[in-house]
Amino acid sequence: MMNLTKQIREQAKKLLEEKKVDLVIGFGQGTELARTTPVFIDSPEGVSALTWGPFCANNLAKYLVDYKNAPGNVAIVVKGCDSRSVIRLLDDNQISRDKIVVIGVPCAGQLEWQKVADEVKPDATLKETVDNGDSFVVKTSTGDHTFNKKDYMLHRCLVCENPNPVIADFTIGEELPVKNYAERFAEVEELEQLGLEEKSAYWDKQFSRCLRCYACRNVCSVCTCELCVFDQMKPMWVSKRTNLSENTVFHITRAFHVAGRCVDCGECDRVCPMDIPIRKLNQKIHKDLKDLFDSPTPGSKEGLLSALGEFSLGDPEEFM
Amino acid sequence: MLKRLLEYVGFEPGRLTARWISASEGAKFASTMDEVTDKIKSLGPNTKMRDEIL
Ligand code: SF4
Ligand code: SF4
Ligand code: SF4
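All of the points below concern the structure found in this document. (Residues numbered from 1 in each chain as written. Chains lettered and ligands numbered in written order. Predicted model: local features only at pLDDT ≥ 70, side-chain atom pairs only at ≥ 80, totals over all residues. Heavy atoms only, no water.)

Topic: the site of ligand 1
Residues and elements named next belong to chain A. The environment of ligand 1 is made up of K79, G80, C81, C107, G109, Q110, R156, C157, C160, N162 and P163. Of all elements in the fold, only helix 3 (80-91) and helix 6 (155-158) reach the threshold of two or more residues within the shell around ligand 1. Of the residues belonging to the shell around ligand 1, the class tally is 5 nonpolar, 4 polar and 2 charged. (Near = heavy atom within 4 Å. Helix = DSSP H or I, 4+ residues; strand = E, 2+ residues; numbered from the N terminus. Nonpolar A, V, L, I, M, F, W, Y, C, P; charged D, E, K, R; others polar.)

Structural notes on the site of ligand 2
Residues and elements named next belong to chain A. As a structural note, the neighbourhood of ligand 2 is formed by 14 residues, with C210, C213, Y214, C216 and C272 the closest of them. Elements with a contribution of two residues or more to the shell around ligand 2: helix 9 (215-219) and helix 10 (244-257). Taken together, the residues of the shell around ligand 2 break down into 12 nonpolar, 1 polar and 1 charged.

Looking at the sheet that holds strand 8 (residues 170-171) of chain A
All names here are of chain A. Spatially, 5 strands are ordered 2-1-3-4-8 in an open sheet, and the strand pairing comes out mixed. With partners counted over all chains shown, the strands left at the sheet margins are strand 2 (36-41) and strand 8, one partner each. Of the pairings in the sheet, the one linking strand 4 (residues 100-104) to strand 8 comprises 2 bridges and is parallel in character. Within the sheet, the bridge partner assigned to G104 lies in strand 8 and is T171. In this fold helix 3 packs onto strand 1 (23-29), strand 3 (74-78) and strand 4, with an angle of close to 140° to the strand it touches most, strand 3. (Pairing = 2+ DSSP bridges. Contact = heavy atoms within 4.5 Å. Axes fitted to C-alpha atoms, helices over the stretch in contact; angles between N-to-C directions.)

Focus on the pairing of strand 4 of chain A
In the case of a regular strand, side chains alternate between the two sheet surfaces. Residues and elements named next belong to chain A. Of all 5 residues that make up strand 4, 5 are buried, and the element is covered over most of its length. The two faces of strand 4 match: I100, V102 and G104 on one face and V101 and I103 on the other face are all buried. In this fold, strand 3 hands off to helix 3, which returns the chain to strand 4; that crossover is right-handed. (Buried < 20%, exposed > 50% of the residue type's maximum accessible area, 1.4 Å probe, protein only. Right-handed = clockwise from strand over helix to strand, strands pointing away.)

Structural notes on the pattern of salt bridges
Evaluated as defined, the whole model comprises 21 salt bridges over all chains. Salt-bridge contacts for D92 of chain A lead to R88 of chain A; the nearest nitrogen and oxygen are separated by 2.5 Å. Put simply, D264 of chain A and R279 of chain A hold a salt bridge, and the shortest N to O gap is 2.9 Å. Of this pair, D264 of chain A sits in the loop between helix 10 and helix 11 (267-271) while R279 of chain A sits in helix 12 (residues 279-293), and the two are 15 residues apart along the sequence. Both residues of the pair, D264 of chain A and R279 of chain A, belong to the buried class. Members of the salt-bridge network, linked through shared partners, are E192, K284, K287, D288 and D291 of chain A together with R4 of chain B. (Salt bridge = Lys/Arg side-chain N within 4 Å of Asp/Glu carboxyl O.)

Encoded structure:
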């Protein structure tokens, strides 16, 4: 994937040199072999900090909101799922199209860094990563490792809908075929099958662990309210006490606030320090939206209305 | 959608009712209210999200 890294750097350099953009947001090598960190590059000399590979799980789209009122333009590196966020941000009028340049990279999948870190020597340094279709080869200073995608990829990648960005001004490398290793809603269906008390117990166990750190909200590219209900003091819609009851209110409210706009990028789930399977709440809503309204994943096309923000006479009416 | 989500996290079906009633539909309002109170009585007290306020 060295070649792709090189092409991303070249593209970024060109944009900065030609002054088409003032900033490029992309992925840079992190402090650990299997992790990357967001990098913000404002000069052509800085582009060597950019990298690409199977450790670029972060969805960087939310950073665009920080620059919406800044002078100048911003370029951003996106994967397939991240590109849905960019569309959603545009459709929500959070950013303007003429201020951003989208560098789209067809994505071969992202590995769970913890699983990789478990197998690689702690002092190893990364030499190269190679995509072999169903696996990645990670070459390090202490030897090569092969990781099967089926066992090591993030869940969202196992069920990836579009590895190719749905919006891009420049595309890096070749488009990739869609390949799924699991059923998209299998986990939700499994939960739906449980009895009422089992469901309740399952979620109580999850919600009771929540720290209310709000990382899941902060990372979410469709959570863009400047004053969030969970922060507001007057009126205090949701109490700040961290207990099962309030946490349950928080989780149901959060999931419902993004219903119909959530692009299913899975970031909320990935960043949760308590490993709460937040995505299973969002995915339940995705499944219902598909079943009831046959609506496509938000952000998968430009100009889609939010499924819960549009009405048609044919909508099922469970409440009349 | 919200009802489905609530059931998914373990609320009883019927714990929440949402119905569209116009201001001129007094009888529908009354009968809906009767249905809701009967339903809620039959479900018994809600046990979820009931922590004591300190
Ligand atoms: S969901 Fe698809 S586009 Fe997103 S990181 Fe996974 S493979 Fe890449
Ligand atoms: S990231 Fe996890 S622990 Fe933090 S508020 Fe969200 S669910 Fe709770
Ligand atoms: S709710 Fe989670 S999966 Fe949905 S857009 Fe936000 S971060 Fe992504």
